[in-house]
Amino acid sequence: MFAKVLMRRIGNIQFTYKTRKLSSKPRLAIVGSGPAGMFACNGLLRKSNFLVDVFEYSPVPFGLVRYGVAPDHQEVKNVINTFDAMFEKNRERLRLYCNVKIGQDITFDELTRGYDAVLLAYGSYKARKLGVPGCASKNVISGSDFVGWYNGVPNAPTPDLSASNVVIVGNGNVALDCARVLSTASSGSLRISDIPDERLSVLEKTATKDIKILGRRGPENVSFTIKELREQFKIQEWDSKLEISETDLKNLIESLPKLERKKKRLTEVLVKNTGTTSGLRQCHFLFHRVPKEVVADSNGMVRELVVENTETSKTETFPCELLIYSIGYETLVLDGVPQNENKMIDMKDHCRVNINAECPAHVYATGWCAHGPRGVIVDTQQQSSFVADQIASDFIHTRHSIAPGVDLVLNERKVPFISWDAWKMIDQQERDQGKLSGKIREKFTTFEKFLSKRLE
């Protein structure tokens, strides 16, 4: 079936790179199928006459919605239904190419020669390193790697969850997600989620009894959202508290009248949950702790984290058999994409890339790859809607094109991509298999059987 679909598409192509023929509509390539790319795509399909090809380096679509959103926050993943309807409604104008790496399988130069416009929306998926002595020790992992592992990212290494003492460095929602999943896994509450069975079985055997969430600055600087913070304090059988100084508590309380509503509500939650933890399972929120060294045992496994308490100027040592750090992301620039002195995409303005005059395509960027990792899905949606408006405006008078796309290049190089139809087959099989055990879906973590069928 896959081979027939592929050959039919190739057989219908009436152009090559050497001989371009006039098509009915201009062509747009979107690099990335996460929220930034999909929200922009949705807007452009409504506001322009583009033919759109979406490229995703993962074997399956939707980026952080599939692999980054917490498994107990399925309501956030419902945005996939919007994207699904978009693809189904626009089958004649919209195509998906998963497992295609721009910069490797297709060069950026080839992409700009194949399309009238290119929108970069591939996110920022490289975690910033902890950067202290010993940080390469075993069982020291980034928050994004841990989240990716329990969310089913293919080939993700399995952490050792026999640790009783866990330290998480970071004061954002990823840190909270990691703490919450570790806190709730053994209760069985995640069994109906979309965590793959083999990874869920590892999680449910976790021996974690003590979690320390470390902030390098004070509690007033946390980047938590109120929903995620409240969830940690409500977990049964766990006592979670902010263990802060009288000075920090006083400053938080005094700041309340001056804060805007959203920040005020968050600060009120912080103040309400200060104290000293007790009980068999404890989660400590600690601040002003700057990691200085990771201490490993003779086998290279992490055993302690040495920190500086910048509030007291003292050195502290925490027992630690699993160290998770979530201190932001590094922005990646794909090979061939212009970059500035800060090693980010060289932007001409809020959405246009500063491309050289010889480039045959207009190049745009949105989301984390354009402006750095910040905000939540709603922020991404607003930004992508703006970018879609700008692209549509730039092409308002463009009705025809000689851009050929990259189908022939992919075929000549035998790049085994997964189309929208192939993804829908995967999607249905995951849902069907999940139903057998009462789960939302049973995520696949390998896709070779789907890729190989495309080349038969």
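Procedures and definitions
Residues numbered from 1 in each chain as written. Predicted model: local features only at pLDDT ≥ 70, side-chain atom pairs only at ≥ 80, totals over all residues. Heavy atoms only, no water. Helix = DSSP H or I, 4+ residues; strand = E, 2+ residues; numbered from the N terminus. Buried < 20%, exposed > 50% of the residue type's maximum accessible area, 1.4 Å probe, protein only. Contact = heavy atoms within 4.5 Å. Pairing = 2+ DSSP bridges. Phe/Tyr/Trp six-rings, centres within 6.5 Å; stacked < 30°, edge-to-face > 60°. Lys NZ or Arg CZ within 6 Å of the ring centre and 35° of its normal. UniProt positions renumbered as here; feature names shortened; annotations may be inferred. Axes fitted to C-alpha atoms, helices over the stretch in contact; angles between N-to-C directions. Domains from an automatic or database assignment. Buried area = accessible area lost by both parts, 1.4 Å probe. Salt bridge = Lys/Arg side-chain N within 4 Å of Asp/Glu carboxyl O.

Asks: Tell me about unusual backbone geometry, residues and numbers included.
Replies: In this model, N139 sits at a positive phi of 70 degrees, which is unusual for a non-glycine residue. Structurally, N139 is set in the loop between β5 (126-127) and β6 (140-142). When its relative accessible area of 11% is taken as the criterion, N139 is described as buried. Its identity as a non-glycine residue notwithstanding, N155 has a phi of 65 degrees, on the positive side. Among the structural elements, N155 can be located in the loop between α7 (143-150) and β7 (165-169). Residue classification places N155 among the exposed residues on the basis of a relative accessible area of 72%.

Asks: Describe the side chain of E430, listing the residues and the values that go with them.
Replies: Relative to the elements of secondary structure, E430 occurs in helix α16 (residues 420-435). On the accessibility criterion, E430 (0% relative accessible area) is buried. Those residues in contact with E430 that sit more than four places away from it in its chain are R66, W423, R441, E442, K443, F444 and F447.

Asks: Tell me about the pairing of strand β13 (residues 314-319), residues and numbers included.
Replies: With 6 bridges connecting them, strand β12 (residues 302-309) and β13 associate as antiparallel partners. Each bridged residue has a counterpart across the sheet, and for E304 the counterpart in β13 is P319. Connecting β12 to the antiparallel partner β13 that follows it, the hairpin turn spans 4 residues, and S313 within it adopts a positive phi of roughly 65 degrees.

Asks: Tell me about the packing of aromatic side chains, and please be specific about residues and values.
Replies: Evaluated as defined, the whole model comprises 15 aromatic pairs. With a centroid separation of 5.3 Å and 75 degrees between ring planes, the pair formed by F39 and F83 is classed as edge-to-face. Here F39 is found in helix α2 (residues 35-47), whereas its partner F83 is found in helix α5 (residues 79-89), with 44 residues between them in sequence. Exposure remark for F83: the relative accessible area of 1% places this residue in the buried category. On the basis of an interplanar angle of 45 degrees and a centroid distance of 5.5 Å, the ring pair of F233 and F285 is categorised as tilted. In this pair, F233 sits in helix α10 (residues 226-234) while F285 sits in strand β10 (residues 282-286), placing the two residues 52 residues apart along the sequence. The pair formed by F233 and F285 is uniform in burial state, with each residue classed as buried. Three or more aromatic residues joined by ring pairs form one cluster here, namely F39, F62, F83, F87, W420 and W423. The ring of F444 has K449 lying over it, and the distance from NZ or CZ to the ring centre is 5.2 Å.

Asks: Describe the UniProt feature "domain: FAD/NAD(P)-binding" (unreviewed entry) in the chain, listing the residues and the values that go with them.
Replies: As recorded in UniProt, the sites labelled "domain: FAD/NAD(P)-binding" (unreviewed entry) are residues 27-375. Between the end C-alpha atoms of residues 27-375 there is a gap of 30 Å, over a span that is 29% helix and 22% strand.

Asks: Talk me through the sheet that holds strand β4 (residues 117-120); I want residue IDs and the actual numbers.
Replies: The strand order across the open sheet built from 5 strands is β3-β2-β1-β4-β16, with neighbouring strands paired in parallel fashion. For this open sheet the edge positions go to β3 (94-98) and β16 (362-365), each flanked by a neighbour on one side alone. Between one strand axis and the next, the sheet turns by 15 degrees as a mean value, whatever way the strands run. Two elements, strand β2 (residues 51-56) and β3, share 5 bridges in a ladder whose sense is parallel. Its bridge partner lying in β3, E56 is registered against C98.

Asks: Could you give an account of the UniProt feature "binding site: NADP(+)" (unreviewed entry) in the chain, with specific residues and numbers?
Replies: Within this numbering scheme, the UniProt entry marks N171, G172, N173, V174, R216, R217, E228 and G375 as carrying the feature "binding site: NADP(+)" (unreviewed entry). Along the chain, R217 falls in the loop between β8 (210-214) and α10. Setting aside its immediate chain neighbours within four residues, R217 contacts F287 and H288. Residue classification places G375 among the partly exposed positions, given a relative accessible area of 43%.

Asks: A description of the domain arrangement of the chain should follow, citing residues and the corresponding values.
Replies: On domain assignment, one finds that the chain holds domain 1 (27-125 + 330-437) and domain 2 (140-325). Computed over C-alpha atoms only, the centres of domain 1 and domain 2 are separated by 33 Å. Summing both sides of the interface, domain 1 and domain 2 together bury roughly 1,100 Å²; the carbon and sulfur share of this comes to 51%. The residue E75 makes a salt bridge to K227 at a minimum N-O spacing of 3.5 Å.

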